[in-house]
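Next come the chains, spelled out residue by residue.
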Amino acid sequence: MRKKIVAGNWKMNKLYSEAVELVDEITIALKDDTKSDEIVKVLIPSFPYLRKVARHSHGIPNLFTGAQNCAYEEAGAYTGEVSAGMIKSLGGTYVIIGHSERRSYFHETNEELKRKVNIVLGQSLTPIFCIGESHEKRHAKEHFAVVEKQISDSLFHLIAADFKKVVLAYEPVWAIGTGLTATSQQAQEMHLFIRTLVEKKYGKEVATSLSILYGGSCNSKNATELFACPDVDGGLIGGASLTAKDFVTIIHSFPS
Ligand code: PGA
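Residues numbered from 1 in each chain as written. Predicted model: local features only at pLDDT ≥ 70, side-chain atom pairs only at ≥ 80, totals over all residues. Heavy atoms only, no water.

Participant: Run through helix α2 (residues 50-57), naming residues and quoting values.
Facilitator: Taken residue by residue, α2 has Leu50, Val53, Ala54 and Ser57 as its buried positions. Take α2 and look down its axis: the buried residues cluster within an arc of 100°, on one side only. Residues of α2 that are buried in the fold lie against α1 (16-31), β2 (40-44), β3 (63-67) and α3 (84-89). Among the residues trailing α2, glycine 59 stands out with phi positive, at a value near 95°. (Buried < 20%, exposed > 50% of the residue type's maximum accessible area, 1.4 Å probe, protein only. Helix = DSSP H or I, 4+ residues; strand = E, 2+ residues; numbered from the N terminus. Arc of directions from axis to C-beta. Contact = heavy atoms within 4.5 Å.)

Participant: Explain the layout of surface pockets residue by residue, including any values.
Facilitator: If you add up the space inside the largest pocket, you get close to 490 Å³. Along the wall of the largest pocket there are 18 residues; nearest its centre are Met12, Gln68, Glu101, Arg102 and Phe106. Ranked by residue count, the leading element in the lining of the largest pocket is helix α4 (residues 100-105), at five residues. Taken together, the residues of the lining of the largest pocket sort by class into eight nonpolar, seven polar and three charged. (1 Å grid on protein atoms, 1.4 Å probe; cavity = no way out; pocket = protein on both sides within 12 Å on 5 of 7 lines; lining within 4 Å. Points joined across faces, edges and corners; volume = space filled by probe spheres on them. Nonpolar A, V, L, I, M, F, W, Y, C, P; charged D, E, K, R; others polar.)

Participant: Give me the site of the ligand: which residues, what numbers.
Facilitator: As a structural note, the neighbourhood of the ligand is formed by 13 residues, with Lys11, His99, Glu171, Gly177 and Ser217 the closest of them. In the model, an oxygen atom of the ligand is placed 2.7 Å from a nitrogen or oxygen of the serine 217 main chain. Contact distances for the ligand include 2.9 Å between an oxygen atom and a backbone N or O atom of glycine 238. Relative to its unbound accessible surface of 280 Å², the ligand loses 94% to contact with the protein. Of the residues belonging to the shell around the ligand, the class tally is four nonpolar, seven polar and two charged. (Near = heavy atom within 4 Å. Polar contact = N/O pair within 3.5 Å; in protein donor to acceptor, adjacent residues only side chain to side chain. Areas by Shrake-Rupley, 256 points an atom, 1.4 Å probe, with all protein chains shown as cover.)

Take a look at the structure:
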């Protein structure tokens, strides 16, 4: 059985005291919540809070900490960058790579993202690799081609044993932070396309074990419908992960 995962991408939100308050509220809610023990939960704050969030999360089953980005080099003279090794040393386990905000505002290319994937896997961290098309590309019916290229350019150099360590997040750009969610049919169609693509490259066993998350205005109201899709294995949650109540409700949204 592949992992069910709910990851909260806090983006550039929360001051330190607010971040501590949020992680406290989430951990209190999850402490005696045995029914979500099997679900992998990932809190992804800004870099300066990683250590604190990791420490506060300690002891809750399957609760991990992640980073929103990392450098594509291991170490050295790269002012302002944060390495995968540093993330690991602070207690991080997951790293988002290729979020659409990084691709568009910071002009990250498929080639750079490939290097980041290698660096993250080299530290035995888990990449949450984001893919997704713009509104224009969907309108032009090029969404499958865009996603296929993002995956093949940045991930298909991996050997199967390494690809198995990757989590994918399908996040249509037009749905991120806009309140426009993909319908469950649109999400399922793309997730199945991705799984089939992976199966062609790596075989059935790898494709079946791959967790593919949906992201883009996923919230406490629509998560149940999205998570009921057979190829949707959880969510990468932005706005709705900033409130403990909503985040925990989303964790509870998998079919039983
Ligand atoms: P959103 O963000 O849930 O606020 O749309 C999702 C994401 O960007 O990961």
